[in-house]
Amino acid sequence: MDKIDQQLIAQLRHNARASVATLAARLGVSRGTVTNRIRRLEDTGVIVGYTVRLRPESETGGALQAWTSISIEGNDARRVTASLLGEPSVLALHSTNGRWDLLAELQVGSLAELAHALERIRLIKGISNTETSIHLETVRAPIAPGGRASLSEP
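The present account deals with the structure reproduced in this document. Positions within a chain are numbered from 1, following the residues in the order the chain's sequence is written. Local features in a predicted model are, by the rule used here, given only for residues with pLDDT of at least 70; side-chain atom pairs are given and counted only at 80 or more, and totals for whole chains, interfaces and linings are based on all residues. Water and hydrogen atoms were dropped before computing side-chain values, which therefore reflect all heavy atoms in the structure.

1. Re the overall build of the protein chain
And then number 1: Elements are defined by DSSP. Helices are runs of H or I of four residues or more, strands are runs of E of two residues or more, and each kind is numbered from the N terminus. Secondary structure assignment for the protein chain yields six helices and six strands.
And then number 2: Ordering the α and β elements of the protein chain from the N terminus gives α-α-α-α-β-α-β-β-α-β-β-β.
And then number 3: Burial status across the protein chain gives 29% buried among its 154 residues.
And then number 4: Considering only intrachain contacts with a sequence separation of at least 6, the fraction spanning at least 24 residues in the protein chain is 61%. Note on exposure labels: buried denotes an accessible area under 20% of the residue type's maximum, exposed denotes more than 50%, and partly exposed covers the range between, all computed with a 1.4 Å probe on protein chains only. Contacts: residue pairs with any heavy atoms within 4.5 Å of one another.

2. Quick word on the packing of helix 2 (residues 20-27) against helix 3 (residues 31-43)
And then number 1: Fitted lines through C-alpha atoms give the axes, limited to the stretch in contact for helices. The angle between two N-to-C directions lies from 0 to 180 degrees. The N-to-C vectors of helix 2 and helix 3 enclose an angle of 105°; their axes lie 8 Å apart at closest approach. As the angle between them shows, helix 2 and helix 3 are arranged roughly perpendicular. Note on element contacts: helix 3 touches helix 2 through R31, V34, T35 and I38, opposite V20, A21, L23, A24 and L27.
And then number 2: Under the grouping applied here, Gly and all other residues not named as nonpolar or charged are polar, the nonpolar ones being Ala, Val, Leu, Ile, Met, Phe, Trp, Tyr, Cys and Pro and the charged ones Asp, Glu, Lys and Arg. Classifying every residue of the contact of helix 2 with helix 3 by side-chain character gives seven nonpolar, one polar and one charged. Angle categories are assigned with fixed cut-offs, so that under 35 degrees is roughly parallel, over 145 is roughly antiparallel, 65 to 115 is roughly perpendicular, and the rest are oblique.

3. Thoughts on the pairing of strand 3 (residues 102-108)
And then number 1: With five of seven residues buried, strand 3 is to be regarded as a mostly interior element.
And then number 2: Paired strands, as defined in this entry, are two strands with at least two bridges between them according to DSSP. With seven bridges connecting them, strand 1 (residues 64-72) and strand 3 associate as antiparallel partners. Paired with T68 across the strands is A104, a residue of strand 3.
And then number 3: Pairing geometry for strand 2 (residues 90-95) and strand 3, over five bridges, is antiparallel. Within strand 3, the residue paired with H94 across the bridge is L103.
And then number 4: In sequence, strand 2 turns back onto strand 3 through a hairpin of six residues, with G98 there showing a positive phi of about 90°.

Structure, rendered in structure tokens:
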């Protein structure tokens, strides 16, 4: 991969819908060169696909997201996990290492709903401690599974 390939990939990361003519003009090469290089990058697996990035609020409809770190008492991990998977506000649940045993990604419609969800979670037998952080803004997010992350644009 040479400098033109790297510049082409940078342009595609910025706007994967840019026309071949636009890309060629920006890179100072012919349209055929851009077309051939994109095809080669796709054929060799350097480019594995294209995606759409949405603003987080458009995906969630303005819903509130939070993460709750959870510490479990003793050997109650399976029971606690099963209970959390039944909690409607839990979008995803991850096991972790370190101080916390689980990390729950929550999605609710309001702060009041978050308070109720946290109350239900804290009442689950076997949970000894929790700490919750509210998602304020995404400043960097992956654009595709296994892909490179990019800065979000306001």
